[in-house]
Structures are given as structure tokens and as C-alpha cells.
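Inside the fold
What follows is each chain in one-letter form.
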Amino acid sequence: MTPITAALTLLPPHVRSAGSRARACHDLAVASVLSGLVLLCAPALAVQTARAPTADATLFGVEPDRANGSGSHLFVGATAGGDPLRALLRFDLSDIPPGSTVRAVSLHVVVDRLALGPAAGNTASLHRLLARWSEGESGLGGGSNGGGEVARPGDVTWTQRHYAAQPAQNWDSAGGDFAEQASASIPMNTIGAFVWTDTPDMRADVQAWVNDPSSNHGWLIKGSEQTTRTAKRLVSREGGVNVPQLTIEYDPPVETSGDVPLPAWALGALAAALAGVVARPRRQRSPDRQDGA
């Protein structure tokens, strides 16, 4: 028994005549098509997800063989001696379905200490990394990790993407291989929370990582390095609370079938036409009704 036939059995006896059944069947069929069109035309609901980094580390410009891969903090800017510090972050996006469309992106971090003395520069910028790197185990002993420690095999350093790898895996440029143009920049001049809010370049970075996971090397955070005493200490993913957090809003891919879908304008026109049929007054006489009845 079809759904329409089943529905007709629920009709009162006085409307089960041939003509009434025909009209009821027609109305039910139109309603079914209209409900299907609504489902076809309805946009997929956006999904919002947030996550901490799966890897983060600090690069120390003053001593290329020092590292801080697993410490509780990250560092950016320049020290009192003018030595640059840069932070790296990478996020696992493998749970986002291929074919998804990224709608919005933001990155939240917390600064819990500043360099002593006045800071002449206070900008922190995100740059898309161009080569893969590894986090390493340096910094596991805790502490502020501001000077790093002797790099261990597998750490990332100012000159090497994977410290002590054989063969050597060096950065093409000391200090990290990253896009020169910043994906986003914000002032960073106090202790507290900071957010790089959604920009087209941030969205493009994350979209590229979703489309091609092999290109996902994360971002480098670069502070002001032109003057001294601009260093900032950020909580790392190992910091326990206030860890970095990437928030992404995306549209999942639309399910496809072997059928060729109608364009939106055609679906709209068909829906309007069918709605008109339902609303049109029925003036025809029922074929089962006798004259004079």
C-alpha cells in the first residue's frame, strides 16, 4: 500500500467516492512534491567547531639550537637584547568533511606576561606556514621557558624544521618558512585575551587546509621585532587553561546522488506552480455526482 493510498483509507466514507478520492489523491500528491521541494531547497545548516592546537612551539632567534616544543608557554616579539621570538601553531582539521565551505574563522590566545619596560611596537600578525615542522619534547620540565632549552631530536628550532633529522630538514629561511603577507594582524600591548577576528585571508588559509590536508602547516605568530622589549608570553596548548583556540564556522558539503538536480530558479518556479494548483478553486463537478443530486 502506498502512503497516499493509506492516507485515503483514513478519509470519512462520504468522501471516498471516485471523484473525492481523485481530488484527495491529487492534493496529497501535490503536498508531497511541495514538501520534497522544501527539503531540496533548504540550505545546509552551518556547523561551528572550536579546537586547541595539536602542536605549538617557539623559535629562538638568539640561539638556533634552543627550543621549547612542549613547554607551557609560547613567546613572540623581541627580548631586551633585541633577539626575535616567534610562535608556531598547527590545528588538526581532519574532522571537517572534504568539500566543506569555510564561512568564518577566529583565533583566540591569552597573554599572561609582558617584557619589562615600555614597548615601542605592539602588533602581532598571523602568517601561513609553508613547510611542515614537528613540536618536539623540549620544555617538558615546566617553568616559564622564556629562554628555551637545548633542542632535542624532533624539536623545531630557528634553523631546523625537525632538529637532528637525517638527512637534515632545515627551513629554507632561518626563522621559519612563511607567507610574507600577514593573514591577519592585531594590536597586542597588554596582558589578557586577544582574538584575530575573521579575515578573508584567514578563511582562505583554513579553506586551503580543508581542501588539501597535506598543505596544513599552521600559522606563525610574529610580534614586533624592530625594537627591543616587545616580547609577549602566551599560554601554550600545554598551559592547562586559557590555551589557544581556533573557531571555525563551515557549511558541510551537500549530499549528491546520481540524479541531475534542478537549478534553484526551476525548483522555485515548480513550487510556485504546484502551490497555485492547490489553491485554485475546484469548479468541476464530481464525475460520480448525478444531475439533480
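Residues numbered from 1 in each chain as written. Predicted model: local features only at pLDDT ≥ 70, side-chain atom pairs only at ≥ 80, totals over all residues. Heavy atoms only, no water.

**Focus on the environment of Val241**
Mapped onto the fold, Val241 is located in the loop between β14 (232–235) and β15 (245–251). Assessed through its relative accessible area of 59%, Val241 is described here as exposed. Measuring from C-alpha to C-alpha, the distance between Val241 and Val110 comes to 9.5 Å, with 131 residues separating the pair along the chain. (Helix = DSSP H or I, 4+ residues; strand = E, 2+ residues; numbered from the N terminus. Buried < 20%, exposed > 50% of the residue type's maximum accessible area, 1.4 Å probe, protein only.)

**Some details on the environment of Thr101**
Along the polypeptide, Thr101 turns up in strand β6 (residues 101–114). C-alpha of Thr101 to C-alpha of Glu249: the two residues are 148 residues apart in sequence and 8.7 Å apart in space. The contact partners of Thr101, leaving out residues within four places of it in the chain, are Gln207, Glu249, Tyr250 and Asp251. (Contact = heavy atoms within 4.5 Å.)

**Thoughts on the nonpolar core**
With 29 residues, the main nonpolar core has Leu93, Leu107, Met188, Trp196, Val206, Trp219 and Ile221 as its most contacted residues. Of all the elements, β6 adds the most residues to this core, at five residues. When neighbours within four sequence positions are excluded, Ile221 is seen to be in contact with Val76, Arg86, Ala87, Leu89, Ala124, Ser125, Leu126, Trp196 and Leu234. Ranked by size, the runner-up nonpolar core spans 12 residues in total, among them Leu59, Trp133, Val156 and Trp158. (Core = buried A, V, L, I, M, F, W, Y, C linked by side-chain atoms within 4.5 Å.)

**Some thoughts on the side chain of Asp251**
With respect to the helices, strands and loops of the structure, Asp251 is situated in strand β15. A distance of 2.6 Å separates the side chain of Asp251 from the side chain of Arg103, its partner in a polar contact. (Polar contact = N/O pair within 3.5 Å; in protein donor to acceptor, adjacent residues only side chain to side chain.)

**Examining helix α3 (residues 200–211)**
Over its 12 residues, α3 runs 16 Å from end to end, which matches the ideal 16 Å to within 8%, given 1.5 Å per residue. Restricting attention to buried positions, one finds in α3 the residues Met202, Asp205, Val206, Gln207, Trp209 and Val210. Buried residues along α3 sit in contact with β6, β7 (123–128), β11 (184–187), β12 (192–196), β13 (219–222) and β15. (Expected span 1.5 Å × (residues − 1).)

**Quick notes on the pairing of strand β4 (residues 73–78)**
When you tally the buried positions in β4, you get six out of six residues, the bulk of the element. Across four bridges, β4 lies against β14 in antiparallel orientation. What sits directly across from Leu74, in β14, is Leu234. Here β4 runs beside strand β5 (residues 84–90); their pairing, made up of two bridges, is antiparallel. What sits directly across from Ala78, in β5, is Pro84. Hairpin connection, β4 to β5: the antiparallel pair is bridged by five residues, and Gly82 has positive phi, about 85°. (Pairing = 2+ DSSP bridges.)

Take it as geometry only, folks, not as evidence of what the structure does.
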